Amino acid sequence: MVTPADSAYDSARRLYSPRYDSVRPGAIVFCETTQDVWRTVRWSRRHSIRVVPRCGGHSYAGYSTCKGVVVDVTRMSGVTVNHAAGTATIGAGAKLIDVDEALFEQGVMIPAGSCPSVGVAGLTLGLPDEAARFLLLSPPLPALARAPYGVLAAAAVSLLPGWARRYQALGM
């Protein structure tokens, strides 16, 4: 956890866009497990403190910061593939570049966007289903992949082996 008293505070609170540099959260909690997320959200709600999730910090509307508590899930970035089930489990803190690389190494891919530093949590939860379909998040993540309080803990998505071959043909 980083608070305004910590030397790392200024770098920890900044987002992708400098538009929200003036927002000063009371704390940034770097969660490593879903239990960390749960505890942070529970504590914040018990004390009536606003809590927001953050992964890539790309929210152009400023949704990944607040004056309360920022739940940063960037440390929850694992990507595993279950070929038998045809699924991947992607941590809420994974960035698109990390997802693309991990899936490509396994010979599978998902169409998900073009900005490498966008976080998966915001990409999947920050968009209405119509926008997710437009951006080729196909199929949209099921409601069960969305954890309580609007924080994505992990998601299983259908793998599309054909996309890996297309990216390879393009030299990606």
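Procedures and definitions
Residues numbered from 1 in each chain as written. Predicted model: local features only at pLDDT ≥ 70, side-chain atom pairs only at ≥ 80, totals over all residues. Heavy atoms only, no water. Helix = DSSP H or I, 4+ residues; strand = E, 2+ residues; numbered from the N terminus. Buried < 20%, exposed > 50% of the residue type's maximum accessible area, 1.4 Å probe, protein only. Arc of directions from axis to C-beta. Salt bridge = Lys/Arg side-chain N within 4 Å of Asp/Glu carboxyl O. Core = buried A, V, L, I, M, F, W, Y, C linked by side-chain atoms within 4.5 Å. Expected span 1.5 Å × (residues − 1). Contact = heavy atoms within 4.5 Å. Pairing = 2+ DSSP bridges. Axes fitted to C-alpha atoms, helices over the stretch in contact; angles between N-to-C directions.

1. Examining the side chain of serine 44
Point 1. Assignment of secondary structure puts serine 44 in helix H2 (residues 34-46).
Point 2. Take serine 44: its relative accessible area is 0%, and that puts it in the buried class.

2. Let's talk about helix H3 (residues 96-105)
Point 1. Within the sequence span of H3, burial applies to Leu96, Val99, Asp100 and Leu103. Taken end-on, H3 shows its buried residues confined to a sector of 95 degrees, consistent with a single buried face.
Point 2. The first or second residue beyond H3 is glycine 107, which carries a positive phi of 80 degrees.

3. With respect to unusual backbone geometry
Point 1. Its identity is not glycine, yet serine 48 carries a phi of approximately 55 degrees, on the positive side.
Point 2. Relative to the elements of secondary structure, serine 48 occurs in the loop between H2 and strand E2 (51-54).

4. Some thoughts on the pattern of salt bridges
Point 1. What the rule picks out here adds up to 5 salt bridges.
Point 2. Ionic pairing is found between glutamate 32 and arginine 75, a salt bridge with its closest N-O pair at 3.4 Å. With glutamate 32 in the loop between strand E1 (27-30) and H2 and arginine 75 in the loop between strand E3 (69-72) and strand E4 (79-82), the pair connects residues that are 43 residues apart, well separated along the chain.
Point 3. Residue classification places glutamate 32 among the partly exposed positions, given a relative accessible area of 49%.
Point 4. Taking the shortest distance from any N to any O, the salt bridge between aspartate 72 and arginine 54 comes out at 2.7 Å. Within this pair, whereas aspartate 72 is found in strand E3, its partner arginine 54 is found in strand E2, the two being separated by 18 residues in sequence. Each of the two residues, aspartate 72 as well as arginine 54, counts as buried.

5. What to know about the environment of valine 120
Point 1. Residue placement: valine 120 occurs in helix H4 (residues 120-125).
Point 2. As a C-alpha pair, valine 120 and alanine 92 span 28 residues in sequence and 6.0 Å in three-dimensional space.

6. Observations concerning the nonpolar core
Point 1. Membership of the largest hydrophobic core comes to 13 residues, with the highest contact counts inside it found for Ile90, Val99, Leu103 and Ile110.
Point 2. For this core, the secondary-structure elements that each account for two or more residues are strand E5 (87-91), H3 and H4.
Point 3. With 3 residues, H3 is the single largest residue contributor to this core.
Point 4. Counting residues in hydrophobic clusters, the runner-up holds 11 residues, among them Val29, Val41, Cys55 and Val73.

7. Let's talk about H2
Point 1. The end-to-end C-alpha distance of H2, which contains 13 residues, comes to 18 Å, matching closely the 18 Å that a straight helix rising 1.5 Å per residue would cover.
Point 2. Listing the buried residues of H2 in full gives Val37, Thr40, Val41 and Ser44. The buried residues of H2 all sit within an arc of 95 degrees when viewed along its axis, so they share a single face.
Point 3. Where H2 is buried, its residues meet E1, E2 and E3.
Point 4. Immediately downstream of H2, the backbone of serine 48 shows phi near 55 degrees, a positive value.

8. Digging into the sheet that holds E3
Point 1. An order of E1-E3-E2 is seen for the 3 strands of this open sheet, with the pairing classed as parallel. For this open sheet the edge positions go to E1 and E2, each flanked by a neighbour on one side alone. Across this sheet, the average inter-strand angle for adjacent strands is 25 degrees, counted without regard to direction.
Point 2. Taken together, the 4 bridges between E2 and E3 define a ladder with parallel strand orientation. Paired with proline 53 across the two strands is valine 71, which belongs to E3.
Point 3. The sheet contacts of H2 involve E1, E2 and E3, and relative to E3 the element is tilted by about 170 degrees.

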